[in-house]
Amino acid sequence: MTLEPTQGDRFAFALLAGDRPGALACAREAFARGVGHLYEDVVRPALARIGDMWMRNEITIADQQVATAFAQSVLGALYPEFPWPPPGPRAVIACVAGERHELGARMVADLLTLDGWDGMFLGADVADDALLEAVAQTRPGLVVLSLTMPTRRRALAPLVAGLRRQPSSPKILVGGSAMLGRELADLPESEGTVLSSARAAVEWARRWKS
Ligand code: B12
């Protein structure tokens, strides 16, 4: 029995082959079912597959980096077609200091923006001071922190405590694959919430969007 490749597999192989038309066609086909579907059901499993190939030494770390950059440019090509609404309340989204995995955080930023937030994505490896300064200046209602590497978890407590001291009292949401199955219970002063998918982030944030 031969299994049909999933959309995620097709996207992964197009990325690794540097096949821009193939990757774009696959992304566009998924986008027809919504940005959430494209991100969570196609791009996320494609990148997971690429990570597994790296673990098995079938590709190099450089291949992985090139494939991610390529995925970002393919998604960027579809940006003008996304149904962006007028910007609403501000949300700041960042990868914590030392965290270079940025695609998931960018997806959270995009899906929040598509749901009516004014998403300000600060990108990868954001130093605590820079994040706190951005929050002090822009006074967001929501701050989203993304962590992929479990080693970054220990840096969370002081950052969440710093965010808690901000006069605008933003809601704090923490997630990413390093937080799968975790609780924020070990974080002092935290009322932050842990979630693991970008779609769940949007659902959770809706109640604070006023
Ligand atoms: C691409 C990639 C890289 C790229 C990143 C480039 C970039 N510009 O982002 C580069 C080459 C830089 C890299 C480096 C490393 N990587 Co890497 N990388 C990956 C890979 C293949 C894909 C990551 C990705 O983009 N996934 C797709 C996105 C969409 O998924 P996601 O991040 O999980 O995000 C989703 C959810 O988690 C959620 N989400 C994300 N943030 C948030 C926040 C909130 C609040 C919420 C609610 C949800 C949420 O929403 C997203 C959509 O659903 C993964 C494999 C994998 N399984 O993910 C390995 C992986 C994460 N990397 C790994 C490793 C080990 C490393 C390195 C240590 C390798 C090395 N020796 O150099 C370094 C560490 C760098 C660092 N300090 O951060 C391991 C981590 C293992 C572990 N748990 O410890 C993985 C799992 C590979 C593997 N199979 O072992 N990597």
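## Remarks on a nonpolar patch on the surface
Stage number 1. On the surface, Trp-54, Met-55 and Ile-61 cluster together to form a nonpolar patch covering roughly 340 Å² of accessible area.
Stage number 2. Tracing the backbone through its elements, the reader meets Met-55 in helix 3 (residues 35-55).
Stage number 3. On the basis of relative accessible area, Met-55 is assigned to the exposed category, the value being 64%.

## Some words on the domain arrangement of the chain
Stage number 1. Domains assigned within the chain are domain 1 (7-81) and domain 2 (90-206).
Stage number 2. A C-alpha centroid distance of 24 Å is found between domain 1 and domain 2.
Stage number 3. With 15 residues of domain 1 at the contact, the number on the domain 2 side is twelve residues.
Stage number 4. Considering only the side of domain 1, the residues that lose the most area to domain 2 are Tyr-39, Glu-40 and Gln-72, jointly responsible for 45% of the buried surface there.
Stage number 5. Linking domain 1 with domain 2 are one salt bridge, by the criterion used here.
Stage number 6. Between Arg-199 and Asp-41 there is a salt bridge whose closest N-O contact spans 3.1 Å.
Stage number 7. Counting across the interface, domain 1 meets domain 2 through seven residue pairs in polar contact (both at pLDDT 80 or more).
Stage number 8. Elements with a contribution of two residues or more to the side of domain 1 that touches domain 2: helix 3 and helix 4 (61-78).
Stage number 9. Tallying contributions element by element places helix 3 first for the side of domain 1 that touches domain 2, with nine residues.
Stage number 10. Across the side of domain 1 that touches domain 2, the residue classes break down as six nonpolar, six polar and three charged.

## Description of the packing of aromatic side chains
Stage number 1. A complete count under the given rule lists six aromatic pairs for this structure.
Stage number 2. Note on Tyr-39 and Phe-82: the rings are 6.2 Å apart at their centroids and 65° apart in plane angle, and the pair reads as edge-to-face. You can see Tyr-39 sitting in helix 3 and its partner Phe-82 sitting in the loop between helix 4 and strand 1 (90-95), a full 43 residues away along the chain. One exposure class covers both Tyr-39 and Phe-82, and it is buried.
Stage number 3. Considering the side-chain rings of Trp-204 and Trp-208, the 5.9 Å spacing of their centres and the 55° angle between planes classify their relative orientation as tilted.
Stage number 4. The class for Trp-204 is buried, based on a relative accessible area of 10%.
Stage number 5. Taken together, the ring pairs in this structure connect Phe-31, Tyr-39, Tyr-79, Phe-82 and Trp-84 into an aromatic cluster.
Stage number 6. The ring of Trp-208 is capped by Lys-171, whose NZ or CZ atom sits 4.3 Å from the centre of that ring.

## A closer look at the site of the ligand
Stage number 1. Around the ligand sit 36 residues in total, of which Glu-40, Arg-100, His-101, Glu-102 and Ser-146 are the nearest.
Stage number 2. Residue Gly-98 places a main-chain N or O atom 2.9 Å away from a nitrogen atom belonging to the ligand.
Stage number 3. If you list the elements that add at least two residues to the shell around the ligand, you get helix 3, helix 4, helix 5 (103-114), strand 3 (142-146), strand 4 (171-175) and helix 8 (198-206).
Stage number 4. Of the residues forming the shell around the ligand, the biggest block, seven residues, is contributed by helix 3.
Stage number 5. Its residues assigned to classes, the shell around the ligand comprises 17 nonpolar, 14 polar and five charged.
Stage number 6. When residues of the shell around the ligand are assigned to domains, at least three fall in each of domain 1 (7-81) and domain 2 (90-206).

Cut-offs applied
Residues numbered from 1 in each chain as written. Predicted model: local features only at pLDDT ≥ 70, side-chain atom pairs only at ≥ 80, totals over all residues. Heavy atoms only, no water. Patch = residues over 30% accessible without salt bridge, like charges linked within 9 Å, V, L, I, M, F, W, Y side chains within 5 Å. Areas by Shrake-Rupley, 256 points an atom, 1.4 Å probe, with all protein chains shown as cover. Salt bridge = Lys/Arg side-chain N within 4 Å of Asp/Glu carboxyl O. Helix = DSSP H or I, 4+ residues; strand = E, 2+ residues; numbered from the N terminus. Buried < 20%, exposed > 50% of the residue type's maximum accessible area, 1.4 Å probe, protein only. Domains from an automatic or database assignment. Contact = heavy atoms within 4.5 Å. Buried area = accessible area lost by both parts, 1.4 Å probe. Polar contact = N/O pair within 3.5 Å; in protein donor to acceptor, adjacent residues only side chain to side chain. Nonpolar A, V, L, I, M, F, W, Y, C, P; charged D, E, K, R; others polar. Phe/Tyr/Trp six-rings, centres within 6.5 Å; stacked < 30°, edge-to-face > 60°. Lys NZ or Arg CZ within 6 Å of the ring centre and 35° of its normal. Near = heavy atom within 4 Å.

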